[in-house]
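The chain contents come next:
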Amino acid sequence: MSQDKLTASIIVISETAYKDASTDKCIPALQNIFDQQGSDKWEVAQKKIVSDDVLMIQRSILEDVEAGVNLVVTSGGTGFAVKDITPEAVSPLIHKHAPGLVHGMLAASLKVTPFAVMSRPVAGVRDGTLIVTLPGSPKGASENLESIFKLLAHACQQAAGENSRQLHEGGMGKLESDAGVSAKDSLPTTASQGGHNHNHGHGHGHAGPKAHTDPESRPQSNDPNDGPTRRYRTSPYPMLSVEEALRLIDANTPVPKIVRTALNESIVGHVLAEDVQANESVPAFRASIVDGYAVIAGKEAPSTKGLFPVAMISHAQAGEHATLREGEIARITTGAPLPPGATSVVMVEDTILKTKTEDGQEEKEVEILTDAIQPGENVREVGSDVMNGDVVMRKGEGITAVGGEFGLLASVGTREVSIYKKPIVGVLSTGDEIVNHDRESQLRLGEVRDTNRPTLLTAIRGSGFEAVDLGIASDRPGALEQTLRDAMRRVDVIITSGGVSMGELDLLKPTIERSLGGIIHFGRVSMKPGKPTTFASVPFKTNAGERVDDKLIFSLPGNPASAVVTYHLFVLPSLHKTAGISPTGLPKVKVVLDQAVRMDPQRAEYHRVVVSARADGILHAASTGGQRSSRIGSFKGANALLCLPAAKGSVERGATVDALLMGKIISEV
Ligand code: AMP
Ligand code: MG
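Residues numbered from 1 in each chain as written. Chains lettered and ligands numbered in written order. Predicted model: local features only at pLDDT ≥ 70, side-chain atom pairs only at ≥ 80, totals over all residues. Heavy atoms only, no water.

1. Considerations on a negative patch on the surface
Operational definition: Every patch collects residues that have over 30% relative accessible area and no salt bridge, joining them within 9 Å if they carry like charges and within 5 Å if they are nonpolar side chains (Val, Leu, Ile, Met, Phe, Trp, Tyr). In these tables, accessible area is a Shrake-Rupley quantity obtained with a 1.4 Å probe, and a residue counts as shielded only by the protein chains included in the view. By convention in these notes, a salt bridge is any Lys or Arg side-chain nitrogen within 4 Å of a carboxyl oxygen on Asp or Glu. Here the positive residues are Lys and Arg and the negative ones are Asp and Glu; neither His nor the chain ends is included. Note on charges: their place is set at NZ of Lys, CZ of Arg, CG of Asp or CD of Glu. Whether a residue is buried, partly exposed or exposed follows from its accessible area with a 1.4 Å probe, protein chains only, as a fraction of its type maximum: under 20%, in between, or over 50%, in that order.
Taken together, E15, D53, E243 and E244 make up a surface patch of like negative charges. Given a relative accessible area of 32%, D53 falls into the partly exposed group.

2. A look at the side chain of E447
Here is the rule: In DSSP terms, a helix is any run of H or I states spanning at least four residues, a strand is any run of E spanning at least two, and both are numbered starting from the N terminus. Here a polar contact means two N or O atoms within 3.5 Å. Within protein one must be a hydrogen donor candidate and the other an acceptor candidate, and residues neighboring in sequence count only if both atoms are side-chain atoms. Contacts are assigned to residue pairs with any non-hydrogen atoms lying within 4.5 Å of each other.
Relative to the assigned elements, E447 resides in the loop between β20 (434-435) and β21 (448-449). With relative accessibility at 14%, the residue E447 sits in the buried group. Among the polar contacts listed, one links the side chain of E447 to the backbone nitrogen of R444, at a separation of 2.8 Å. Residues in contact with E447, not counting those within four places in the same chain, are E433, V435, R439 and Q442.

3. Description of the environment of V425
With respect to the helices and strands, the residue V425 is situated in strand β19 (residues 424-430). Residues V425 and M56, spaced 369 residues apart in sequence, show a C-alpha to C-alpha distance of 28 Å. Beyond its immediate chain neighbours, meaning those up to four positions away, V425 contacts I460, F465, E466, A467, V468, V491, V493, I495 and L575.

4. Observations concerning the site of ligand 1
This is how the line gets drawn: Each residue is tested against the molecule or strand, and it is near if at least one of its non-hydrogen atoms lies within 4 Å. Gly is placed with the polar residues, together with every amino acid not listed as nonpolar (Ala, Val, Leu, Ile, Met, Phe, Trp, Tyr, Cys and Pro) or charged (Asp, Glu, Lys and Arg).
What surrounds ligand 1 is a group of 17 residues, the closest being E433, D450, T451, G499 and S501. Side-chain polar atom of D450 to a nitrogen atom of ligand 1: 2.8 Å apart, as the coordinates give it. When residues of the shell around ligand 1 are traced back to their parent elements, those giving at least two are β19 and β21. Counted by class, the shell around ligand 1 contains three nonpolar, 10 polar and four charged residues.

5. As for the UniProt feature "domain: MoaB/Mog" (unreviewed entry) in the protein
Rule in force here: UniProt positions are given in the numbering used here, feature names are shortened, and annotations may be inferred rather than shown by experiment.
Under the UniProt annotation, the feature "domain: MoaB/Mog" (unreviewed entry) is placed at residues 9-155 and 426-577. The span residues 9-155 carries 46% helix and 21% strand; its end-to-end C-alpha distance comes to 15 Å. As annotated, residues 426-577 has a helix share of 34% and a strand share of 30%, and its two end C-alpha atoms lie 17 Å apart.

6. Examining the environment of P92
Structurally, P92 can be placed in the loop between α4 (86-90) and β4 (96-97). You can call P92 buried: its relative accessible area is 12%. Here the alpha-carbon distance between P92 and R514, two residues 422 residues apart in the chain, equals 7.8 Å. Among all residues touching P92, those that are not within four sequence positions of it are Q58, P87, R126 and E513.

7. Looking at a nonpolar patch on the surface
A contiguous nonpolar surface patch, about 540 Å² in accessible area, is contributed by F80, L110, F115, V117 and M118. By the secondary structure assignment, L110 is in helix α5 (residues 99-112).

8. Focus on empty space enclosed by the protein
How we decide: Think of a 1 Å grid over just the protein atoms. A cavity is a set of points where a 1.4 Å probe fits yet cannot get out, a pocket is an open set with protein on both sides within 12 Å along at least five of seven lines, and lining residues have an atom within 4 Å of a point. Grid points are joined across faces, edges and corners, and a volume is the space filled by probe spheres set on the points.
Throughout the structure, instances matching the rule amount to two cavities of 30 Å³ or more. In this structure, the largest cavity encloses a volume near 100 Å³. What lines the largest cavity is a set of 14 residues, and nearest its centre among them are V54, Q58, P236, Y237 and P238. Where the lining of the largest cavity is concerned, the elements lending two or more residues are α3 (54-66) and β24 (519-522). Per-class residue counts for the lining of the largest cavity are nine nonpolar, three polar and two charged. In this structure, the second largest cavity encloses a volume near 30 Å³.

In C-alpha cells:
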C-alpha cells in the first residue's frame, strides 16, 4: 500500500456472485473508475464478494474498517426485493450518517431513470472509514460512484482525521479545483442552491441549513436520542436459530489464555494447558505393603524359613538404613522403605516372636514359618504407581473438585502448572423500575425487586466461575454506557438483563453499537423463552492504550426465567470455551416425560423440569409447572431444561425427549 494514496475496498453483495465469482461484473466496473479517474489518489486495496447476509456483510465491512481502509463501497442489495438487506446491514455500523452523499447519488441516478427512487442507498462514517452503498447493476453502481467520486477523497481525508483547517485553507475555490469539480457541474438540487457558504466550524456540509434528505434516506434509527417516534417498530435483527446463535458465540469467543500457576487449591476447576510429566517416581523408594519383616529371598538363600535375629527396624519415616546381611531380618511397617539388601517382606502373621532383648522391650529373634516368600513379594517397587517422566495428565484435562487430579499432580512433585485462565463475569441489571432485592421498604407502584442479578450471580458461581456484582443501571443512555465502560475494566464477560426488547427505553443494543463501537452478532433468537437475547463483542483498550481481546456482552432478556434459561444455554458455553473446558455447555441426556407437554408452533422451547432416576434405571422428567417467562418459580427445584422443538400439539406422556442437565439428578431409588 503506497503511503500517500487513499485506500478503497470494493465489496460486492450478491448471492449469485458469491456462489460463482465469474458472474460478477461490478468489481471490474468499479475498479475501472478508481483506475481511470483517481489512480493518483486511490488504491483499491480489497475486493470481496459476500452473500446477502447481514452478518457476513457487517463482518466484511468491519474487517476493512479495522484495517483502516479509507473508503468502503458496496454494490448490491439496496433494492426492494426481499433479499435486499444491505442498508439494514450497513446502517447500524454507521456512526455519522452522510445524507448528502446519498442525495447526490440519487439525484444523479434520477437524471438517468425514474426507477432511481427504488434504490435505498446509505452512506456515512464509521471510525475513520467512509462507507457508501451502491446499487447492484454494474451500470448503476458505476454511475452512482462517478456522481460523487471526485468528492470522496476530501471526505475520506476528513473522516480519517486530517486537520480540517489545513484541508480547507485556500477556501472553497481551491477545494473545488483540487477535487476537479465546480459549482456548475454540481448537482442541481443540492450544492448549487443556497450558495457555497462552506462552514469550517462544522467540518463538512457544503450548503446552508437545509434538509438534504428525503424520507427514503431517513431510515428508522436505533439512536436513543431520536426518541420513541423514530425507533424501529420491528426488530431489524435477523431471527436466528439456537444452533446459529451458538455457532456465532463460539466463533466470537476468544481462544483460551494460558497462565502459569503454583500447584495449590486455586487450580481446582481449571483445565490444564500442557501435558504434565512426573518429576519423581511413586513410590520413590522400595516400600513395604505390609507390617512384617524384611528378608533376603532368592536363589542363593531360597528358604526364608527358620530363626533369624532382628537386626534393624524400618519405620515409615525419612532416614538412612544400614544394609541387611544374609541371615538377618529387619522389622518393617507398612509404607516403610526396605533396607538395602532386602528383597521381600514376610507378613507378621507368618512369624512367631521367639526371644526378647534382656530388658524385655525389644524383639531379639523371630521365627519365620513359611519358605514360600518370593523375591519382590509384599514390596511396592520404585515407580510401580508412577514412573519418573511418565505423563500423568494431558493438556485439556480438568482438575475437578471431586476427582483425584489435584492429588495425582501433588503426588508426583508437580509444583507449577500451565492452566487456561477462567473468564471473570460481571452481572448488571438494567431498568429504572428495578430495586435491590433486599430493600426494606414496600414496593411503590411500578417497582420490581431485582431477581435476575442474585440468580445469575449464584448460577455463575455454581458453574465454577468468578462473578462480579455490577449493580443496577438506569435506563438513561449515558448511565448505561458509563456503567458498561467501567465494567469492561473489571471483567471479561458482561451479562446484562433487561433493556433488549422493543421499548424506547431498551437501550442495550443502541448503546453497544453506537456508543461502545461494538458489534452485535445477533439480536434475536427463535426460542422460548429468550427471544430478544443479544450477543455482542466490544473492542477494548487497556489504560496504556493496548488493544486486548474484545469484551463479550450477553444482553439477556429482563424476564427472570428468560434470563436464567439463556444464561445456561448461551453464556455457559462461551465461559467454557474461554476456560478450555470441552465439550462446552450443559450435558444432554434423554428423559422420559411424566406428563404431556405442549410445544410452541413457532419457537423451540426450553421447559424447566425436575429429572430423577427411578428404580427402572431410566431418567424421568416432571414439569415445574407454569412456564411464563416472568415466573422464576419455574426454576424452583429444576435441574434440567427440556428441549422441545417448534411444532404443533404436545409431546405425549411417556415420550423420550432431550434434556440439558443444569444440576444433579435426583435419585428416587
Ligand atoms: P425489559 O426487557 O427491560 O423491558 O424487561 C422485561 C421485563 O422483565 C419487565 O417486566 C422488567 O420489569 C422485568 N425485569 C427486568 N429486569 C429484571 C430484574 N433484574 N429482576 C426482575 N425483573 C426484571
Ligand atoms: Mg427495562
